[in-house]
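Listed below are the residues making up each chain.
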Amino acid sequence: MIKRKVFIIKGYSTSEREKSVDEYYVNWYKEFFMKPAGGAYVSEEIVYLSEPNHKLLDKKLNQDKLDYGIIVYIGHGANNDENQIFQLNQNEIIKAGQFILDSEKQIVILESCRVSNQEVFMVDLEDKIPAFEKGGILRDVLTSEQSREIYDSHIKRCEKGIMICYACKLGEEACNFVFSKMFLQHAFDWHLDSTRHCAILPVDELMRLTVPSVVVTVKHKFGINQWPVSSGSTNFPIAVSKF
């Protein structure tokens, strides 16, 4: 049996309003991963830490030897001597790269640095049945158990490695959760496509779908540049087809 977990780390929130926005996106990530679309993780496989100290974070991340793991950092960050730093709590700023899982296959997603006091993007994760305007085959929807089986089977076939997904390039700001909105929405839209059968969306392909949407949206709505980038290229699973 594959042992896998998702860790969602919410960093320091400077106000109650900011905290509510941060937690809003924390919940979207949780919801996605617990759906069949995101691999049908059960509640015990999702660990949420809100403004932990570095000792607790290190302990939780290394508590278990995992076959596969995903870490999502949400909060304030910056670049320091080409190291991604993250404000963990009011008193601690860490180098995110120093806190990884005891796993030979893992993804790190960094939604950090952002422009505040702007419109908050909503993520539509409603499970809509696709329309069949020209007819076609309506396949049976995969159960959560089938989604888990497909997801786990793909993990076994992946080569070892780590992939880090950054919301923006060095020197740029991650604007108001646009990256997370596009990342999750593309994953869910892919999941709903009826032309795919028992398929897996790898994280490197999801990044290729996400980048142009973020670039265009941020430029149009906020007039600034934001270009998501990734380190490493792996075919680790991030979403499962619905049918």
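In the block above lies the structure referred to throughout.
To keep things clear, this report deals only with the structure shown in the data block. (Residues numbered from 1 in each chain as written. Predicted model: local features only at pLDDT ≥ 70, side-chain atom pairs only at ≥ 80, totals over all residues. Heavy atoms only, no water.)

1. Some words on helix 4 (residues 178–192)
Here's step 1: For helix 4, with 15 residues, the first-to-last C-alpha span of 21 Å sits near the 21 Å given by 1.5 Å per residue.
Here's step 2: In terms of residue burial, helix 4 counts as a mostly covered element, since 13 of its 15 residues are buried. (Helix = DSSP H or I, 4+ residues; strand = E, 2+ residues; numbered from the N terminus. Expected span 1.5 Å × (residues − 1). Buried < 20%, exposed > 50% of the residue type's maximum accessible area, 1.4 Å probe, protein only.)

2. Details of the pattern of salt bridges
A side chain with one charge can pair with a side chain of the opposite charge if their charged atoms come near.
Here's step 1: Throughout the structure, instances matching the rule amount to 10 salt bridges.
Here's step 2: Note that Asp-64 is salt-bridged to Lys-3, the shortest N-O span being 3.6 Å. Remark: Lys-3 occurs in the segment before strand 1 (4–10) and Asp-64 occurs in the loop between helix 2 (54–61) and strand 3 (68–75); sequence separation between them is 61 residues.
Here's step 3: The class of Lys-3 is partly exposed, set by a relative accessible area of 37%.
Here's step 4: Here Lys-10 and Glu-51 are joined by a salt bridge, their closest N and O atoms 3.1 Å apart. Residue Lys-10 is located in strand 1, and its partner Glu-51 is located in the loop between strand 2 (46–50) and helix 2; the two are separated by 41 residues in the primary sequence.
Here's step 5: Taking relative accessible area as the criterion, Lys-10 reaches 0% and is therefore assigned buried.
Here's step 6: Within this structure, Lys-3, Lys-5 and Asp-64 form a network of salt bridges that share partners. (Salt bridge = Lys/Arg side-chain N within 4 Å of Asp/Glu carboxyl O.)

3. Concerning unusual backbone geometry
Here's step 1: For Glu-51, which is not glycine, the phi torsion reads 50° and is therefore positive.
Here's step 2: Glu-51 sits in the partly exposed class, given a relative accessible area of 27%.
Here's step 3: At Asn-176, a position not held by glycine, the phi torsion is positive, near 50°.
Here's step 4: With respect to the helices and strands, Asn-176 occurs in the loop between strand 8 (161–166) and helix 4.
Here's step 5: Asn-176 gets classed as buried once you look at its relative accessible area, which sits at 5%.

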